[in-house]
Amino acid sequence: MQWINFLHLYQPPGQPRGFIRRVTQESYRWILQELQRVPNARMTINLTGSLTEQLIKFKQDDILKGFKRLVEREQIELTGTAMYHPILPLLPPEEVLRQIQLNDALHRTVFGRAWKPKGFYLPEMAYSRSVASLLSTLKVQWIILDEIAFPDGVPDPNIQYRIRGLPLQVVFRHRMLSSDYVPRVLLDLLDAPNGLTNLITATDGEMYGHHHKDTSRHFEQTLADKRLALQTISSYLQTRSSQKVVTPRASSWVSTTPYLRKNIPYQFWDNPQNPIHQHTWLLTQLAIRAIKHHRKDPGWESARHHLDQGLASCTFWWSAGMRPVATSPITWNPDEVERGINALIRSIRSFNHLPPAQRLRAEKCYLLIKELIWKKHWTYYWKYHIH
């Protein structure tokens, strides 16, 4: 069986030093060491610029040096992405492009000639046709999406798919198997007849060692198992001779059919029935508008930096108050939401000459969001945070 495994490594901006060091030791360094131990192992990794910045800041950049060596050995491939992990279909094109360029510039500095991404990871696999069109102008060769984005039936991993009207290939992950700890499930699959010849999985990299403690050493076993041929996405695509054209639907890797039927593809970040979402997007739009129209303001650079970080998807995710699956924790964390809206209001406050009416509108919006957050927390969600 060919296993095409994709790992997404990300931490939102502003994580504590101790946490970055812990997740690095439990997950990133372990993944790196296991790959170094098995030279024939191949996989595709998305390293988000937000994490890269913090690995450098907290002196964990041996991880970056190790990944660079693996790229040079053609053992892993790295993908492009957006710097601070925003939901790209919900942003204006100029903000989408900036996030991509920031990520690219940082990783060109870190990885040098080894930085040659062919593919692109859309944060949360949040897909839209407009973003795909922009990526094709940037010469991106492929993207990876969840199988729910497949327009009709179930995608066939034996076929190479291309997005209709664009020179952009797309692969679809197996959602059910990707929702578990893949190495453990994969070993079970190998021990039972299943007919699978190619398996594409994609998960958060932190699942390996941080969220899931692999005491049975399943990851080590899969890397060494002779029944598995591990491939990067790019090398896998080169072996596909059968091709089809598809039109993926707007969706994310946690989209559900009921919400898609209601034309709400990104319900964890932009739910029309969630007032925190809607007012946070209003604050976001006010900051974007100020950045666009006040470029000569002495505080513009600072405002720009705060906005870049304030666009991170976590602000919206942690105010969704929903479960991705029935067994998942509720996506609710008022401190994470506050961290995001604080970055947005700091963007507004950084300007020296912003008209008072614009400042006051943003401040009122900010205070309303805080009221909504804590009112909701203490009337309902607090019980999920009792330890």
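Residues numbered from 1 in each chain as written. Predicted model: local features only at pLDDT ≥ 70, side-chain atom pairs only at ≥ 80, totals over all residues. Heavy atoms only, no water.

1. Brief notes about the overall build of the protein chain
Point 1. Check the secondary structure of the protein chain and you find 15 helices and 10 strands.
Point 2. Seen as two clouds, the 49 positive and the 33 negative side-chain charges of the protein chain have centres 4 Å apart. (Helix = DSSP H or I, 4+ residues; strand = E, 2+ residues; numbered from the N terminus. Lys, Arg positive; Asp, Glu negative; His and termini not counted. Charge placed at Lys NZ, Arg CZ, Asp CG, Glu CD.)

2. Section: the side chain of H277
Point 1. Examined against the element boundaries, H277 turns out to sit in helix 11 (residues 275-293).
Point 2. Judged by relative accessible area, which is 0%, H277 ranks as buried.
Point 3. Among the polar contacts listed, one links the side chain of H277 to the backbone oxygen of F268, at a separation of 3.4 Å.
Point 4. Sequence-distant contacts of H277, that is, excluding residues within four places in its chain, are made with Q267, F268, W269, D270, N271, F316, S319 and A320. (Buried < 20%, exposed > 50% of the residue type's maximum accessible area, 1.4 Å probe, protein only. Polar contact = N/O pair within 3.5 Å; in protein donor to acceptor, adjacent residues only side chain to side chain. Contact = heavy atoms within 4.5 Å.)

3. Description of the sheet that holds strand 7 (residues 169-173)
Point 1. Pairing within the open sheet is mixed, and its 5 strands lie in the order 4-5-7-6-10. Only two strands of the sheet have a single neighbouring strand rather than two, namely strand 4 (119-120) and strand 10 (243-246).
Point 2. Summarising the sheet, strand 5 (residues 142-146) and strand 7 pair through 5 bridges and their orientation is parallel. In the strand pairing of strand 7, I144 is matched with V171. (Pairing = 2+ DSSP bridges.)

4. Describing the pairing of strand 6 (residues 160-163)
Point 1. Both strand 6 and strand 10 contribute to a ladder of 4 bridges, which runs parallel. Across the sheet, residue Q160 finds its bridge partner in strand 10, namely Q243.
Point 2. By the bridge criterion, 2 bridges tie strand 6 to strand 7 in an arrangement that is antiparallel. Counterpart to R162 in the pairing with strand 7 is Q169.
Point 3. The antiparallel pairing of strand 6 with strand 7 creates a hairpin that spans 5 residues between the two strands, and G165 there sits at a positive phi of about 80 degrees.

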